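Examining the three-dimensional arrangement
Chain by chain, the residues run as shown.
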Amino acid sequence: QVQLVESGGGLVQPGGSLRLSCAASRSIFSIYTMGWFRQAPGKQRELVATITTGGSTNYADSAKGRFTISRDNAKNTVFLHMNSLKPEDTAVYYCNARRESGPMINFWGQGTQVTVSS
């Protein structure tokens, strides 16, 4: 039983920056790949970025060069630094934890709203 709690969402102007945080209720980040997904109204949920326990990162094309995912395993927290935000970045952002080995286990956060608008 693991809970993921996102924070940092809100309203930001185009071109602005925002940092999302996701904190886990247990010490799991040492064995879990962490990721951020987002879902805009009327659209399918999509991958934004992932980071493995070894620090390898993967980004959606729409996020490359603008977003940075990082993790602090000691604090069981993963971050998404979002720069040069665009209106099309508006979505609910979800934190995800996926076990890297053993049984397939996934945990999801409740989501946090990011709205990019003037």
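For clarity, every value in this text was computed on a predicted model and none was experimentally measured. (Residues numbered from 1 in each chain as written. Predicted model: local features only at pLDDT ≥ 70, side-chain atom pairs only at ≥ 80, totals over all residues. Heavy atoms only, no water.)

1. Some points on the environment of R26
- Summarising the element assignment, R26 is placed in the loop between β3 (18–24) and β4 (32–39).
- Sequence separation between R26 and M104 is 78 residues, and the spatial gap between their C-alpha atoms is 18 Å.
- Setting aside chain neighbours within four positions, we find R26 in contact with Q1, V2 and N76. (Helix = DSSP H or I, 4+ residues; strand = E, 2+ residues; numbered from the N terminus. Contact = heavy atoms within 4.5 Å.)

2. Description of unusual backbone geometry
- Of note, the phi angle at N76 is positive, near 55°, even though the residue is not glycine.
- If you trace the backbone, N76 turns up in the loop between β7 (67–72) and β8 (77–82).
- Using a relative accessible area of 12% as the deciding quantity, one classes N76 as buried.
- Even without being a glycine, S84 presents a positive backbone phi close to 50°. (Buried < 20%, exposed > 50% of the residue type's maximum accessible area, 1.4 Å probe, protein only.)

3. Some details on the environment of Q113
- With respect to the helices and strands, the residue Q113 is situated in strand β11 (residues 112–116).
- Relative accessible area serves as the criterion here: at 39%, Q113 is assigned to the partly exposed category.
- Separated by 23 residues in sequence, Q113 and T90 have C-alpha atoms that sit 7.8 Å apart.
- Setting aside anything within four residues of it in sequence, one finds Q113 in contact with G9, G10, T90, A91 and V92.
- Of note is the side chain of Q113, whose polar atom sits 3.3 Å from the side chain of T115. (Polar contact = N/O pair within 3.5 Å; in protein donor to acceptor, adjacent residues only side chain to side chain.)

4. Overview of the sheet that holds β8
- Overall, antiparallel pairing links the 4 strands, which are arranged β1-β3-β8-β7 in an open sheet. The open sheet is flanked by β1 (4–7) and β7, the only strands paired with a single partner. Strand-to-strand, the axes of this sheet are offset by a mean angle of 15°, without reference to chain direction.
- As paired strands, β7 and β8 are joined by 6 bridges and run antiparallel to one another. (Pairing = 2+ DSSP bridges. Axes fitted to C-alpha atoms, helices over the stretch in contact; angles between N-to-C directions.)

5. Some remarks on the nonpolar core
- Residues L4, M34, W36, V78, L80 and Y93 are the most contacted members of the largest nonpolar core, which totals 31 residues.
- At the level of secondary structure, the elements contributing two or more residues to this core comprise β3, β4, β5 (46–51), β7, β8, β9 (91–99) and β11.
- In contact with M34, other than residues within four places in its own chain, are L4, F29, A49, T50, I51, I69, R71, V78, C95, N96 and A97. (Core = buried A, V, L, I, M, F, W, Y, C linked by side-chain atoms within 4.5 Å.)

6. Considering the pairing of β5
- Pairing of β4 with β5 involves 5 bridges; the strand directions are antiparallel. Looking across to β5, one finds that W36 is bridged to A49.
- Connecting the antiparallel pair β4 and β5 is a turn made up of 6 residues, with G42 showing a positive phi of about 80°.
- Sheet topology places β5 next to strand β6 (residues 57–59); 3 bridges connect them, and they run antiparallel. Following the sheet pairing, I51 is matched in β6 by T57.

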